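Remarks on the overall topology
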Amino acid sequence: MNRSLAAGVLLLIMLLITAIAAPYLPFVDTSLKEHVMMKHEDGSFTLPPFEPSKQFPIGSDQKGVDLLSRLLLGTKETLLTVLGIALMRYILAIPLGVGSFYFKPARYVLTIWNRLFSYMPPIFFLALLMGFPFIVFSNDRILWFMVVIALVDVGRVADIFYNTLVGISKKPYVESGVVSGCSKWKMLRTYYWPPLQPHVLIQFFSDIGRILFLIAQLGVVKIYITFKFVSQLGGGYDAVNTSNAWPTFFANILEHIWSHAWIPFTGVIAIALTIFTFSLISSGLQQFFDRKFKRYQGMDL
């Protein structure tokens, strides 16, 4: 029995059910009402964030919003965001990787792309690119957010597929297709794509966890998926988060980790569990395809 795959799929189903059912759960505050203060029986008052209590099972955020409601309602937004980024990345990476295998100009593009964005950690490039005015003030900011994150790692993923194709091309059964005079398209469809598919699926689920970890880092530096500008008393404007995605729980982590630890820990637990889920699926798929293709000598997924 493939326990990793079974456990990963079970956890994923639970996440999907949570994402769909969250707005209909009786204990979820869909309005995300802000509580300015809380009055106690002895007449004293407490300002937010509020500690975990009967009213707030896992506490509240700095605006007095129930953290459990934000967590559950943010599940759908978080999953859709990382899935959308992953799909965009692979829609670009697969053609680039395959094209690099067949055409030298595409290989040059891949080399430049990969070296450009592997020079520094992705978080630095994202912080720079997401600060461009046309992105900051765009009405389609969430789309730009996803596109930029997808593009940064396209080169790395495409390079993985390119090297996989190079390895496949050295297999004895591929040589038979070359000798028989198959066209490039037929070679790709018949000899290259079938053994490449497992790599795509395994890498795809592994990358979803990687993307989630990356946008969690963006939350630490206060780069939000969606926000609005709010005027301040001094006459300036401040960017205020309007997203419930889990990475936003890290916005003031240096302050909250010492005084209101339940806020960042909630995000840590949710993100760690989700990354673990996709890691289990990726590992399970690895085991599944290893057993399925073990009859092919030298196949190394």
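This text follows the structure it describes.
Residues numbered from 1 in each chain as written. Predicted model: local features only at pLDDT ≥ 70, side-chain atom pairs only at ≥ 80, totals over all residues. Heavy atoms only, no water.

1. Observations concerning the environment of Ser 53
Tracing the backbone shows Ser 53 in the loop between β2 (45-46) and α2 (67-102). On a C-alpha basis, the gap between Ser 53 and Gly 267 in space is 18 Å, while along the polypeptide they are 214 residues apart. (Helix = DSSP H or I, 4+ residues; strand = E, 2+ residues; numbered from the N terminus.)

2. A few points about the packing of helix α1 (residues 3-21) against helix α11 (residues 262-292)
Interaxial distance between α1 and α11 falls to 7 Å at its minimum, and their mutual angle equals 145 degrees. As for how α1 packs across α11, the hand of that crossing is left-handed. Contact residues: α1 offers Ser 4, Leu 5, Ala 7, Gly 8, Val 9, Leu 11, Leu 12 and Leu 15, while α11 offers Thr 274, Phe 276, Thr 277, Phe 278, Leu 280, Ile 281, Ser 283, Gly 284, Leu 285 and Gln 287. Looking at side-chain class alone, the contact of α1 with α11 contains eleven nonpolar, seven polar and no charged residues. (Axes fitted to C-alpha atoms, helices over the stretch in contact; angles between N-to-C directions. Left-handed = near helix turned anticlockwise from the far one by under 90°. Contact = heavy atoms within 4.5 Å. Nonpolar A, V, L, I, M, F, W, Y, C, P; charged D, E, K, R; others polar.)

3. Quick look at the packing of aromatic side chains
Enumeration according to the criterion identifies 13 aromatic pairs in this entry. Between Phe 205 and Phe 278, the ring centres sit 6.4 Å apart and the planes meet at 25 degrees, which makes this aromatic pair stacked. A residue pair is termed long-range when its members are at least 10 positions apart, and Phe 205 in helix α9 (residues 184-220) and Phe 278 in helix α11 qualify at 73 residues. The exposure class assigned to Phe 278 is buried, which follows from its relative accessible area of 6%. (Phe/Tyr/Trp six-rings, centres within 6.5 Å; stacked < 30°, edge-to-face > 60°. Buried < 20%, exposed > 50% of the residue type's maximum accessible area, 1.4 Å probe, protein only.)

4. Points about unusual backbone geometry
Cis geometry marks the peptide bond from Pro 48 to Pro 49, where omega comes out at 5 degrees. Tracing the sequence through the fold places Pro 49 in the loop between β2 and α2. Here the phi dihedral of Leu 32 falls at roughly 50 degrees; this positive angle occurs in a residue that is not glycine. By secondary structure assignment, the location of Leu 32 is in the loop between α1 and β1 (38-39). Notably, Lys 222 is not glycine yet its phi reads approximately 65 degrees, a positive angle. Within the fold, Lys 222 resides in the loop between α9 and β3 (227-231).

None of this, on its own, says anything about what the molecule does.
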